[in-house]
Each structure stands twice: as structure tokens, then as C-alpha cells.
Amino acid sequence: MRFIKANNTEERVYTTDAAKMAGKRATIFGWVRKTRDLGSLMFIVLYDRFGEIQVTLKKGDKNFEMASKISRESVLRVTGTVTKNEKAPGGIELNPDEIEVIARAESPLPLETDPKIKSELDTRIDNRFIDLRKKENAAIFAIKDVIYRSFIEYLEKEGFTLMHTPCIIAAATEGGTNLFPLSYFDKEAFLVQSPQLYKQMLMASTFDKVMIITPAFRAEEHNTIRHLNECLQMDIETAFVKDEEGALKYAEGVINYIYKQVAEKCKEELKALDRKLDVPKMPFKRMTYDDALKFLAKEGIKIEWGNDFTPEAEKMIGKHFNPVIVTKWPTDIRAFYSMPEPGREEVCRGYDMLIDGIEAMSGAQRVHDYRQLVDILKKRGMNPDNFKFYTDAFRFGMPSHAGWSFGLERLTMFICGLKNIREATLWPRDRTRLTP
């Protein structure tokens, strides 16, 4: 049983544990789902994060009149005897001798909590504190928690060290202009796009396997179902690799592990979402960018060599291969630190993973030679002096290395079968939303 001390004076019992306490007294805290007054009987459906229980009062009980005035979603403390009742939800009910109204809810509610009534996403986000009282919405964030923890568990077993990198930076992480500027005393500063440069610098430190979980900010004016301007990135970087597979084996391994953990630990949450989760089998399908273009052409989708995939192209690939890892991308459309393929420098050792026909992960083997890195920066019109803090790490013994990044919200979107990434974000930040 899950017992939690409440106010240091009494034991709190969750609704799901009450079934084990038939004939015993219990104190249950929760919200009022609904009330029914039948004249001689009063029913209160009380719920918490795990379930609900029927509280039954008879006319003449000391709490009867007070209970008839309790508004929906008010917070109660109810103490009484748990009894079996086949007609009650869950086969039990609570016969109270004490009812305390901890907080009375105002009417009307800003968001309907009846499970049968659906609300617009914007209304839900504006009232998240009530939205999460619905079982199916709370399930998303319970699953998200397992995804986060499983990511760390798997990589810890593989010898990775959890590190934390700055969120305030002086230069663009990837050389782009889509940055959020901020006032930092007398200096120019920005919110970080990704921990990329810092996790690469760590590869020169003898910490040759690191995982990073950090907020990332991108000032891109997109308005899609799969993009946010603030997200939580889950990254790795690993050194002494021979090629892309040095990092890709961990990418497919961690996804396989996360799906297994969610399937095992979140049965009730998946049920609430009406979601059947298929654990992807290893190894994942690999295909080169060139092979992907040939495949797409056969399916009637023409992509010019050197262009990124369209959402339509990703969906087509995902329809036939799921998950799939696409390798050997055109160098010019990847980040400057992506290692060109020796002997064919128009192609680099970059890779993406598609899940459900949407990009879930992106990464590459990196350039680790100092002179080559500086030359690439110059060729791309970027001033190496702006990246001196980063490139200095390559001057004094930088091993070969590779890494990748998943977005926690997007991964949660896939696993929960959501239609919009904002559903997987408590209070999303996009081009129009800054509050709450």
C-alpha cells in the first residue's frame, strides 16, 4: 500500500488502496468529481491521481447537509469506514464520520472536468492545473516521467556520466541566426540552441561518454504540431568512435529500452490513453540519404539531391520503415561540425532517426581535427574567433567522437500517440504563447 503522512497526524490512503481496507477506517484526500442527492442518500465521488471512490451519506448523518452544498472540484478530507458495496464503483464505498472542506472550488469551472467532455487544446493549456485532473491527460506526464528516467537508467548502465551545460551562451551553437537574445550585464548573450559545443568540448576531458538533459531554445517562427520554441533535449556524446555506429548503437538501444519500460510500468496510463505500444525491434532499419531519395522517387515523391526531406517524404518513409535511421546526408545541409565522408566530402556522417514518420533524433560523427574545423567555419562564412572557446578544446588532444539528440516532448508525443506536441508540454512556448 502507498501510505503518505498528512499533516503529521494521520495516514493518508490513496483511492486505489482503499479496496484493500474493507472494514477498516481510512482517511482519503481528493477532489469532488460529482455529487448526487437522492433525498435520503447523498453520494460524493471523490478522486485523486490514482482513481476514485464513492462516499455515501445517509439523511440524518451529521455531514449530510454540509455535503449537499459542496461544489464540484472542491478539495476534501474524508475519514470513515471502508465497506464493500457491489453497486458502488470499484465495489467499495467510504462511509464517513468526518468531512472537511479544505478548499472550495468556485463555479463555473474554467475547464470542464467531466471525462466525456472534450475541450480545445488552448483552453486546456490555459487551465493546466485542472486539465491534469483528467486521467488521460495526467497519463501523458506520468509516461513522460518514465521516459526521462529510463533514458538516464539505460545510459548509466552503458557507462555514461550525466553532465549539465550552460543555458546562456555568447555565440550561436550551430552558426544560425535563430537565437533569443538577452541582456547579460554589459555583454551580448543568447539562450542556448543546444548543448552541442559543450558536450563536444567534454570529449577532450577524459569524460568520454556523457549524457546531457537540458532546456533548448530556438527562435524559429514555425507553427506546426511538432515544433516548440522551448524544449527539453536529451543528448549524448561519446569518444573514440570509428564511425557513426559508435553512437547509433546507443540511440537504438535507448529507444528500445524506453519503450520496454513504458510498456511495463505504464499499463494503466496507456490504457487511459487507449494506446497500444509496440516495442521497436533491434537493430533498426538503416538507409542512406541516397537510398531514401531512390525509395521516395519510386513512391512518387521527388526530392532534389541536397534538399532536406519534406514532412510528406518523412511520412512515406515512416509508413514503410518504423523506426528507421537515415545516414550519409549532404554535408551542406548539416551543421558545420559534421564530419565529411573521406573521399566523398559532399556527403557527411550525419544521421537522423524517424519514428512514426517524423524526425525523432539527429546527430553525426563530428570533425575532431582543429585545422579542418577552422577551415570549415571560414568556408561557411563564420568567424572562428567567435568560437575560440570551443575550438581551443580541439588544439590539445581531441579524440574522434559522435553524438545525437532526442527531444523529450517529441518522444513523448510518439509514445503516447498524440496529435500535437503541445499536449506533451505542461506550458508550451511557441510563437504566440508566453503565458501561463
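Anyway, here's the lowdown on the structure attached to this text.

Moving on, we get to the environment of Tyr-198. Inspection of the secondary structure puts Tyr-198 in helix H6 (residues 196-202). Put simply, Tyr-198 and Ala-393 are 195 residues apart on the chain and 9.8 Å apart in space, counted from C-alpha to C-alpha. Setting aside anything within four residues of it in sequence, one finds Tyr-198 in contact with Thr-165, Pro-166, Ile-169 and Phe-389.

Glancing now at the sheet that holds strand E8 (residues 161-163). The strand order across the open sheet formed by 8 strands is E8-E12-E13-E20-E19-E18-E15-E14, and the pairing between neighbours is mixed. Of all the strands in the sheet, just E8 and strand E14 (285-288) have a single pairing partner and so form its edges. Taking each pair of neighbouring strands and ignoring which way they run, the sheet shows an average axis angle of 20°. Looking at chain direction, strand E18 (residues 350-355) and strand E19 (residues 358-365) are connected through 6 bridges and run antiparallel. Paired with Ile-355 across the bridge in E19 is Ile-358. Its contacts with the sheet put helix H5 (residues 135-157) on E8, strand E12 (209-217), strand E13 (230-239) and strand E20 (401-407), and the angle it makes with E12 is roughly 155°. The sheet strands contacting helix H13 (residues 408-416) are E13, E18, E19 and E20, and the helix crosses E19 at an angle near 135°.

What follows concerns the packing of H5 against H13. If you want to describe how two helices pack, look at the angle between their axes and the distance between the axes. The N-to-C vectors of H5 and H13 enclose an angle of 120°; their axes lie 10 Å apart at closest approach. Judged by the angle between their axes, H5 and H13 are oblique. For the pair H5 and H13, the sense of crossing is right-handed. Contacts between H5 and H13 involve Ile-140, Ile-143, Lys-144, Ile-147 and Tyr-148 from the first element and Leu-408, Glu-409, Leu-411, Thr-412, Ile-415 and Cys-416 from the second. Split by residue class, the contact of H5 with H13 holds 8 nonpolar, 1 polar and 2 charged.

Across the junction of Met-282 and Pro-283, the peptide omega takes the value -5°, indicating a cis bond. For the bond from Thr-435 to Pro-436, the omega torsion is -5°, close enough to zero to count as cis. Positionally, Pro-436 belongs in the segment after H13. Phi at Glu-73 takes a positive value of approximately 75°, unusual for a residue other than glycine. Note that Glu-73 resides in the loop between helix H2 (64-67) and strand E6 (75-84).

The next subject is the side chain of Glu-423. For Glu-423, the position within the fold is in the segment after H13. Dropping the residues within four chain positions of it, Glu-423 is found in contact with Leu-121, Arg-124, Arg-128, Ile-140, Phe-141 and Leu-418.

What follows covers the packing of aromatic side chains. Two descriptors summarise a pair of aromatic rings, namely the distance from one centre to the other and the angle between the planes of the rings. Within this structure, the stated rule accounts for 17 aromatic pairs. Measuring from ring centre to ring centre gives 5.7 Å for Tyr-154 and Tyr-257, while their planes differ by 40°; the resulting arrangement is tilted. Here Tyr-154 is found in helix H5, whereas its partner Tyr-257 is found in helix H7 (residues 245-265), with 103 residues between them in sequence. You'll find Tyr-154 and Tyr-257 in the same group, each marked buried. With 5.7 Å between their ring centres and 5° between their planes, Tyr-289 and Phe-309 make a pair best called stacked.

Once that is clear, we can look at the layout of surface pockets. One simple way to see leftover space: roll a probe sized like a water molecule over the atoms. Each pocket or cavity is described by its volume, and for the second largest pocket that value is around 830 Å³. In terms of lining, the second largest pocket is formed by 28 residues, of which the most central are Asp-48, Arg-49, Phe-50, Gly-51 and Lys-135. Mapped onto the lining of the second largest pocket, the elements with two or more residues apiece are helix H1 (15-18), strand E3 (25-37), strand E5 (52-58), H5 and helix H8 (267-272). If you tally residues by element for the lining of the second largest pocket, the top one is H5, at 5 residues. Class assignment for the residues of the lining of the second largest pocket results in 14 nonpolar, 4 polar and 10 charged.

As a further point, take the packing of H7 against H13. In contact at an axis separation of 12 Å, H7 and H13 are set at 55° when each is read in the N-to-C sense. With respect to H13, the axis of H7 lies oblique. At the point where H7 passes H13, the crossing takes the right-handed sense. Each of Ile-255, Ile-258, Tyr-259 and Val-262 in H7 lies in contact with H13, whose residues at this interface are Leu-411, Phe-414 and Ile-415. Split into classes, the residues belonging to the contact of H7 with H13 amount to 7 nonpolar, no polar and no charged.

Here we come to the environment of Gly-403. Among the structural elements, Gly-403 can be located in strand E20. Classification of Gly-403 by relative accessible area gives buried; the value is 0%. Put simply, Gly-403 and Val-241 are 162 residues apart on the chain and 10.0 Å apart in space, counted from C-alpha to C-alpha. Beyond its immediate chain neighbours, meaning those up to four positions away, Gly-403 contacts Ile-236, Glu-237, Ala-247, Tyr-351, Gly-363, Ala-364 and Arg-366.

How each quantity is defined
- Residues numbered from 1 in each chain as written.
- Predicted model: local features only at pLDDT ≥ 70, side-chain atom pairs only at ≥ 80, totals over all residues.
- Heavy atoms only, no water.
- Helix = DSSP H or I, 4+ residues; strand = E, 2+ residues; numbered from the N terminus.
- Contact = heavy atoms within 4.5 Å.
- Pairing = 2+ DSSP bridges.
- Axes fitted to C-alpha atoms, helices over the stretch in contact; angles between N-to-C directions.
- Parallel < 35°, antiparallel > 145°, perpendicular 65-115°, else oblique.
- Left-handed = near helix turned anticlockwise from the far one by under 90°.
- Nonpolar A, V, L, I, M, F, W, Y, C, P; charged D, E, K, R; others polar.
- Phe/Tyr/Trp six-rings, centres within 6.5 Å; stacked < 30°, edge-to-face > 60°.
- Buried < 20%, exposed > 50% of the residue type's maximum accessible area, 1.4 Å probe, protein only.
- 1 Å grid on protein atoms, 1.4 Å probe; cavity = no way out; pocket = protein on both sides within 12 Å on 5 of 7 lines; lining within 4 Å.
- Points joined across faces, edges and corners; volume = space filled by probe spheres on them.

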